[in-house]
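Structural features, examined
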Amino acid sequence: MAIILAGAIKIQEDLVRFFFRIALLFSFFYLIFITSPASAAQQTQVASDAQVVFGRFSNNVVKIQVVENSSGAKAVIGSGFFVTADGHIITNYHVISKQVHYPERYRTEFVDASGASNPVSIIKIDVINDLAIVQAKIKPAHYFKLAPVNIKQGVRLFSLGFPHDIGLTIVEGTYNGFLKYALYKKIHFTGSINPGMSGGPTITAFGNVVGVNVSSAGEQVSFLVPVDAVLKLLSSALKQPITDSKKLLEAVRSQLLLYQDSYISENIINMNDSVQLGRFRLPSKLASYFNCWADANRKEKDLFHTVNHQCSTDDYIYVSSSHRSGVIRFRHRLITTDKLNRFRFYSLYSNLFNEVYVSIHGSEEEVTKYKCETKTVDVKNISFKTTFCVRRYRKLEGLYDAIFKAASLGENNSGLETTLVLSSVSFENAVKVSKRYLEAISWKE
Amino acid sequence: MERVVYVEILDKRGGVKERIRLDAFPATIGRAYTNSVIIDDKHVCPEHLRINLDEKGNFIVEDLGSVNGLYQVNPYKRVSLVEITPNLQFSIGSTVLQFRRPEDKVAPAEIVKPDRTYLFPLLKHQGAALGIFFLSSLIFTLIIYLNSYAKISSILFIGDLLAVFFLFAVWAGVWSMVNRLLTHTFRFASHLSIASLGTVSILSFINITGYYSFIFSPELSLDIIMTAGLIILGSLFLFCHLSIIPAASQIRRLVYSTIVSAGIMGIFTFIVYIEGAGSKFSNEIKFNSTLKPLKNYWLITSSSDSFFENVRHLKEKVDASAKED
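Just so it is clear, the model here is predicted, and its values are computed rather than measured.

Conventions we followed
Residues numbered from 1 in each chain as written. Chains lettered and ligands numbered in written order. Predicted model: local features only at pLDDT ≥ 70, side-chain atom pairs only at ≥ 80, totals over all residues. Heavy atoms only, no water. Helix = DSSP H or I, 4+ residues; strand = E, 2+ residues; numbered from the N terminus. Buried < 20%, exposed > 50% of the residue type's maximum accessible area, 1.4 Å probe, protein only. Contact = heavy atoms within 4.5 Å. Areas by Shrake-Rupley, 256 points an atom, 1.4 Å probe, with all protein chains shown as cover. Salt bridge = Lys/Arg side-chain N within 4 Å of Asp/Glu carboxyl O. Domains from an automatic or database assignment. Buried area = accessible area lost by both parts, 1.4 Å probe. Polar contact = N/O pair within 3.5 Å; in protein donor to acceptor, adjacent residues only side chain to side chain. Nonpolar A, V, L, I, M, F, W, Y, C, P; charged D, E, K, R; others polar. Core = buried A, V, L, I, M, F, W, Y, C linked by side-chain atoms within 4.5 Å. Pairing = 2+ DSSP bridges. Axes fitted to C-alpha atoms, helices over the stretch in contact; angles between N-to-C directions. Parallel < 35°, antiparallel > 145°, perpendicular 65-115°, else oblique. Left-handed = near helix turned anticlockwise from the far one by under 90°. Disulfide = S-S within 2.5 Å. Patch = residues over 30% accessible without salt bridge, like charges linked within 9 Å, V, L, I, M, F, W, Y side chains within 5 Å.

1. Quick look at the overall build of chain A
- What chain A contains, in helices and strands, is 9 helices and 24 strands.
- Expressed as a percentage of its 445 residues, the buried residues of chain A come to 53%.
- A fraction of 62% describes how many contacts in chain A between residues 6 or more apart in sequence connect residues 24 or more apart.
- When the accessible area of chain A is evaluated, it comes to approximately 20,000 Å², of which 55% is carbon and sulfur surface.

2. A short note on the pattern of salt bridges
Residue and element names in this part refer to chain A.
- Throughout the structure, instances matching the rule amount to 26 salt bridges over all chains.
- Taking the shortest distance from any N to any O, the salt bridge between Glu250 and Arg253 comes out at 3.3 Å. Taken together, the residues Glu250 and Arg253, both in helix H6 (residues 248–263) and 3 residues apart, mark about one turn of the helix.
- Residue classification places Arg253 among the partly exposed residues on the basis of a relative accessible area of 22%.
- A salt bridge links Glu417 to Lys405; the nearest nitrogen and oxygen atoms lie 3.0 Å apart.

3. Details of the domain arrangement of chain A
Residues and elements named next belong to chain A.
- Domain boundaries assigned for chain A yield domain 1 (56–143), domain 2 (156–232) and domain 3 (273–443).
- Centre-to-centre separation of domain 1 and domain 2, based on C-alpha positions: 18 Å.
- Listed by partner, the interface residues are 21 residues for domain 1 and 23 residues for domain 2.
- Regarding the contact of domain 1 and domain 2, the summed buried area is about 1,700 Å², with carbon and sulfur atoms giving 67% of it.
- Considering only the surface of domain 1 that becomes buried against domain 2, Phe57, Ser79 and Phe81 emerge as the three largest contributors, covering 29% of it.
- In this assembly, domain 1 and domain 2 are joined by 0 salt bridges.
- Seen at the junction of domain 1 and domain 2, the total is 6 residue pairs in polar contact (both at pLDDT 80 or more).
- The element that contributes the greatest number of residues to the side of domain 1 that touches domain 2 is strand E2 (residues 74–82), accounting for 6 residues.
- Considering only residue class, the side of domain 1 that touches domain 2 consists of 9 nonpolar, 8 polar and 4 charged.

4. A word on the nonpolar core
Residue and element names in this part refer to chain A.
- Formed by 78 residues in total, the largest nonpolar core has its most connected members in Ile96, Ile125 and Phe388.
- It is H6 that contributes the most residues to this core, 7 residues altogether.
- Setting aside anything within four residues of it in sequence, one finds Ile96 in contact with Ile64, Val66, Thr91, Thr108, Ile122, Ile125 and Ala132.

5. A look at the sheet that holds strand E6 (residues 59–63) of chain B
All names here are of chain B.
- Pairing is mixed in the open sheet, where 5 strands are placed in the order E4-E3-E5-E6-E9. Single-partner strands in this sheet number two, and they are strand E4 (37–38) and strand E9 (81–83).
- For strand E5 (residues 49–53) and E6, the ladder comprises 5 bridges, and the chain directions are antiparallel. Its bridge partner being in E6, Asn52 is matched across the sheet by Ile60.

6. Brief notes about the packing of helix H3 (residues 154–183) of chain B against helix H4 (residues 188–216) of chain B
Residues and elements named next belong to chain B.
- Here H3 crosses H4 at 135 degrees, and the two axes come no closer than 8 Å. As the angle between them shows, H3 and H4 are arranged oblique. Note that H3 runs across H4; the crossing there is right-handed. Residue-level inspection shows Phe168, Ala169, Trp171, Ala172, Gly173, Trp175, Ser176 and Asn179 of H3 in contact with H4, the latter providing Phe188, His191, Leu192, Ala195, Ser196 and Thr199.

7. Thoughts on the state of the cysteines
Residues and elements named next belong to chain A.
- Applying the stated rule across the entire model yields 2 disulfides over all chains.
- Two residues, Cys292 and Cys311, share a disulfide whose sulfurs are 2.0 Å apart. Taking the sign of the S-S torsion, 110 degrees for the link of Cys292 and Cys311, the bridge is right-handed. Linking Cys292 in strand E15 (residues 291–297) with Cys311 in strand E16 (residues 305–312), this pair joins segments that are 19 residues apart in sequence.
- Given a relative accessible area of 23%, Cys292 falls into the partly exposed group.
- Once the disulfide-bonded cysteines of chain A are ranked by sequence position, their pairing pattern turns out to be 1-2, 3-4.

8. Quick word on the environment of Lys17 of chain B
All names here are of chain B.
- Within the element layout of this structure, Lys17 appears in strand E2 (residues 16–22).
- Residue Lys17 is classed as exposed on the basis of its relative accessible area, which comes to 60%.
- The contact partners of Lys17, leaving out residues within four places of it in the chain, are Ile9, Leu10 and Asp11.

9. A closer look at the packing of helix H2 (residues 126–146) of chain B against H4 of chain B
Residues and elements named next belong to chain B.
- Interhelical geometry of H2 versus H4 gives an angle of 30 degrees and a closest axis separation of 8 Å. The pairing of H2 with H4 is recorded here as roughly parallel in orientation. Seen from above, H2 lies across H4 with left-handed handedness. Residue-level inspection shows Gln126, Ala129, Leu130, Ile132, Phe133, Ser136, Ser137, Ile139, Phe140, Ile143 and Ile144 of H2 in contact with H4, the latter providing Phe188, Ala189, Ser190, Leu192, Ser193, Ser196, Leu197, Thr199, Val200, Leu203, Ser204 and Asn207.
- Here the residues of the contact of H2 with H4 are counted per class, giving 14 nonpolar, 9 polar and no charged.

10. Remarks on a nonpolar patch on the surface
Residues and elements named next belong to chain B.
- The grouping of Phe166, Val170, Val174, Val178, Leu181 and Leu182 at the surface amounts to a nonpolar patch, some 610 Å² of accessible area in total.
- Relative to the assigned elements, Val174 resides in helix H3.
- For Val174, a relative accessible area of 52% translates into the label exposed.

As structure tokens, this is what we get:
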């Protein structure tokens, strides 16, 4: 009888425990849903979320256009949003860059809900984060109040803007945290941000601005500038706005100079991390925000093999419509053969050495041509044919793009060629980094 | 004894355009068809001059009252009646005349200078020329092979070679036609061997300058050496073709060959300049990437420190070009 009782009590305890666990589980689920109200709402009403957000916040978002003074034609179209009662609008630097480069030829306007154009003046820019603050003369009735946000991966976000000049549009997507290989943080947003939506806000369902639309890598991979960078710029704009649009280019110059000095930090100069290719030890990941990858080419119909190792970051800077730069990237390539004689191998090697695997695009108006110096250099008993090429930004004094290449010599059936590309750097830094890069190469017998 | 005088009508360079024999006197010179010597010059009168013998038996020339007159050339003066002496030139209208008599002296004949080059007998002999063609074709094939690095598919490779030899044949064919027109022989083998020998020398020269540029990493001197070398080889190439024929004198051949060769190089250099270091803008770097399989003791090297010291002059260069336009 006691056993049956004990058994019954045990079953009861188990049942209690079981129900307790269910209750706990249920409440846990519930909490999750509460903290992401968008998803909770989604459980019951999927379609109307976007409608609600649109209804509440669309008035804060405006179309930005850059217009050519002489013809009145629209040169660039983007988006922006009000953030203060005094008419400050946030947008991207790349939306208004034409006016920064040619202040006499262009003017910037925002288009209000009725379709009327109103002039704005550019009062602060941040080239590195691709942000700009412009100010309208009107006082908006509605605007976003910016504040730091702390959200988790997977949160539902809404991006607003004017894609392809169609009309104000809302796009739903998901927050996916920060890009791993970037020093200057960008948020990964899984949603289709289209051209024209640049400068628009991406917000939570409650209207908290998480970031500013900046670019897209296609197929629902898009990027946002985090709101922290916007807050910093806004407070600086309120304290010290720029009043003369001709001074904006000088701000571009000084920001790029500061950026490259901080980027080319001691970490990079030390080049501690290395990779082994054949008998060579070569510089690899220069900092945590560098991403490196390798590949090998072993096609049978080719009479030689190549093994590549290359590193870069996801940081890049938009300087103007025809000029993008990204500070630092490099590639090592080991070439070997067991089928070509030495003369044929060196014909191949010369051709491969001539290649530069990535070119920094710039227009004739913005950059000079490259000038190169080529010599044979001895480093730790290995001889290298080295070339150092540099070109200057015409309107941004003190900023250069540099390409450094080296090819090892002395072996009849193998060679290592390496290319280092530096953009938007000072001349001193270009020389310093290239020299350090070359001297970081070593060779084992 | 018959008295004869020759009237020579001279061209602009003093050469004889026409020579008329006069043996009946008095003889007249003018534009009309009644004259002994008819001159086709609108500034000459229908009846302009009379040539006659005087009492002493000397020839005299007399102006018949022409509109534009009779001038003796040296010293230049207008005359109405003058005795003909050796080497005396006259001018009527726009025509220059000279009178010669049988007793005037002429220089003895000059000796023909033989060709002093030894290559040509070899090239002129058709058998030897063919031999040279085959040998240089082998070297040509070797050079092409050593400069390639793709898998050689034998059919394509032979096809490419045959295409090149076809081009040689066409080039030699054109020269042979010219040869035929001037000397009634084709000498095809000679021209063919010159074509292949010339191409091989130019390719070898380019390869050798590749070694020069690899060892010394030169800047301006490479361009000068390349251009000069190619002009010299090109003109030698054309000179050989011309000498087989042979066209014109040796010196003239050399001059023409050099001018044509320099002209072609000039156009080529101009095009390369525009594409390369010249005005055309590009986002690509242009540097001498030639690498050669030489052991380290051949190389002229510098230290890393001195290389990076030297690159500082590039800063001035790009800063200067940023300031232009």
